[in-house]
Amino acid sequence: MESLDETEETLRGQALVWKHMFAFADSMALKCAVELRIPDIIHSYGGRPVTLAQIASRIPSASPGTPYLARIMRLLVRKNIFSANGCPPDGSPESHETLYSLTPSSRWLLQGPGSELSLVPMVLMEDHPWLMSPLHCLGDCVRTGGIAFEMAHGRKVWDFASENPEFNRLFNDGMACTSKITVRAIVEGYKEGFDSIGSLVDVGGGIGGALAEIIKSYPHIQGINFDLPHVVATAPALEGVTHVGGDMFDTVPHADAVFMKWILHDWNDEDCVKILKNCKKAIPEKNGMLLIAEVVLQPEGDGLFDETGLVLDLLMITHTGGKERSELEWKKILEEGGFPRYNIIQIPSLLSVIEAFPL
């Protein structure tokens, strides 16, 4: 017969399975709030707590399903996306309404003016069926060693983007929003690193948002935004930035330093070494520098983003066949790519800065 402690442990084990079984609903509730622009609606009332009826009144619908909204908000309050407090609106004890407010989390989901640091495009990208459906192929990845995105869509993610303008926009917007957030953290946490750089090429720079943010803080830098031709074809004109189309597996434009944010995690070790060797050719041997903004896994860590790093590693299996890496794994590919010296700089971000040198 099980002891009370064993019974409690067994029950907790069951509860944990239920929690993870339905974790997808958390993501869908978050996406729902973003699509309905609930954070913006609450914010539009000037920062004061608002009722459910006030939120519903600004949802663009003739007959919003307020009871459904109440249940979605209840879960998101439980998850600390929003806060809720009871308040008697007319002062009587019989009348009781819930008042909703933003939290530090939901402020990252604002989309209106002044919300340039927003995770909304990333939520819409990662929670779109195009990127969710490959997750159903995770078991097949283990069985066959293939890439889930290719199993689900019949082509690599980059080819899918080049053939599908809507997905290309969704993907670029997601990358651009994370670039703004990450680059802000890099500028704040790596303040003196760019002082000696005269020219900087952002390899895999998308539509140039990250590089433009760096140059705003360091206007002496000549910026080169380098990505695939179909990507830079949609890039806007940016002050101090020249857009160049090409393939990093063939060559990288020459500059004093190479910058890569969330690029190498998309590729296996062999491909990373090829990219790194091309980066080494693009910079001066004596004073050249490589700057990498990537996750550095801490599998046993308890930091703010350590668990998220492990989740992202699984997404790499499904999206591109790449991987997130620990420090030892970074050290290995950097040495093989021609960068025997490196430093890891912690910044206020999911990512770290790895500065690497050819000598």
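Below is a summary of the structure that appears in this document. All figures in this text were calculated on a predicted structure; none of them were measured in a lab.

**As for the sheet that holds strand β4 (residues 199-203)**
Strand pairing within a sheet occurs via backbone hydrogen bonds; the two strands may be parallel or antiparallel.
Reasoning step 1: Sheet architecture is open: 7 strands sit in the order β6-β5-β4-β7-β8-β12-β11, paired in mixed fashion. With partners counted over all chains shown, the strands left at the sheet margins are β6 (241-245) and β11 (341-346), one partner each. Averaged over neighbouring strand pairs, the angle between their axes works out to 20° when direction is ignored.
Reasoning step 2: Packing of helix α11 (residues 165-189) onto the sheet brings it into contact with β7 (257-261), β8 (289-294), β11 and β12 (352-357), and relative to β7 it is tilted by some 125°.
Reasoning step 3: Against the sheet, helix α14 (residues 269-282) touches β7 and β8, its axis set at about 150° to β7.

**Comments concerning helix α2 (residues 23-35)**
Reasoning step 1: In a regular helix each residue adds 1.5 Å, so 13 residues correspond to 18 Å; α2 covers 19 Å between its end C-alpha atoms and thus fits that length.
Reasoning step 2: Every buried residue of α2 is accounted for by Ala29, Leu30, Lys31, Ala33 and Val34.
Reasoning step 3: Looking one or two residues past α2, arginine 37 carries a phi angle of roughly 60°, positive in sign.

**Remarks on the pattern of salt bridges**
Reasoning step 1: The full count for this structure, using the stated rule, is 14 salt bridges.
Reasoning step 2: Glutamate 116 serves as the salt-bridge partner of arginine 184, at 2.6 Å between the closest nitrogen and oxygen. In this pair, arginine 184 is assigned in helix α11 and glutamate 116 in the loop between β3 (97-102) and α6 (120-126), connecting sequence segments 68 residues apart.
Reasoning step 3: Accessibility expressed as a relative area gives 48% for glutamate 116, which makes it partly exposed.

**Some words on the packing of α14 against helix α16 (residues 327-336)**
Reasoning step 1: With their axes 8 Å apart at the nearest point, α14 and α16 run at an angle of 50° to one another. By the angle between their directions, the pair α14 and α16 is classed as oblique. Considering the relative orientation of α14 and α16, their crossing is right-handed. Mapping the contact onto sequence places Asp269, Cys272, Val273, Leu276 and Lys277 in α14 and Lys332, Ile333, Leu334 and Glu336 in α16.

**A few points about unusual backbone geometry**
Reasoning step 1: The phi dihedral of arginine 37 is positive, around 60°, even though this residue is not glycine.
Reasoning step 2: Locating arginine 37 in the fold gives a position in the loop between α2 and α3 (38-43).
Reasoning step 3: Positive phi, close to 55°, is recorded for tryptophan 262, a residue that is not glycine.
Reasoning step 4: Turning to its location among the elements, tryptophan 262 is positioned in the loop between β7 and α14.
Reasoning step 5: Here tryptophan 262 falls in the buried class, since its relative accessible area comes to 8%.

About the thresholds
Residues numbered from 1 in each chain as written. Predicted model: local features only at pLDDT ≥ 70, side-chain atom pairs only at ≥ 80, totals over all residues. Heavy atoms only, no water. Pairing = 2+ DSSP bridges. Helix = DSSP H or I, 4+ residues; strand = E, 2+ residues; numbered from the N terminus. Axes fitted to C-alpha atoms, helices over the stretch in contact; angles between N-to-C directions. Contact = heavy atoms within 4.5 Å. Expected span 1.5 Å × (residues − 1). Buried < 20%, exposed > 50% of the residue type's maximum accessible area, 1.4 Å probe, protein only. Salt bridge = Lys/Arg side-chain N within 4 Å of Asp/Glu carboxyl O. Parallel < 35°, antiparallel > 145°, perpendicular 65-115°, else oblique. Left-handed = near helix turned anticlockwise from the far one by under 90°.

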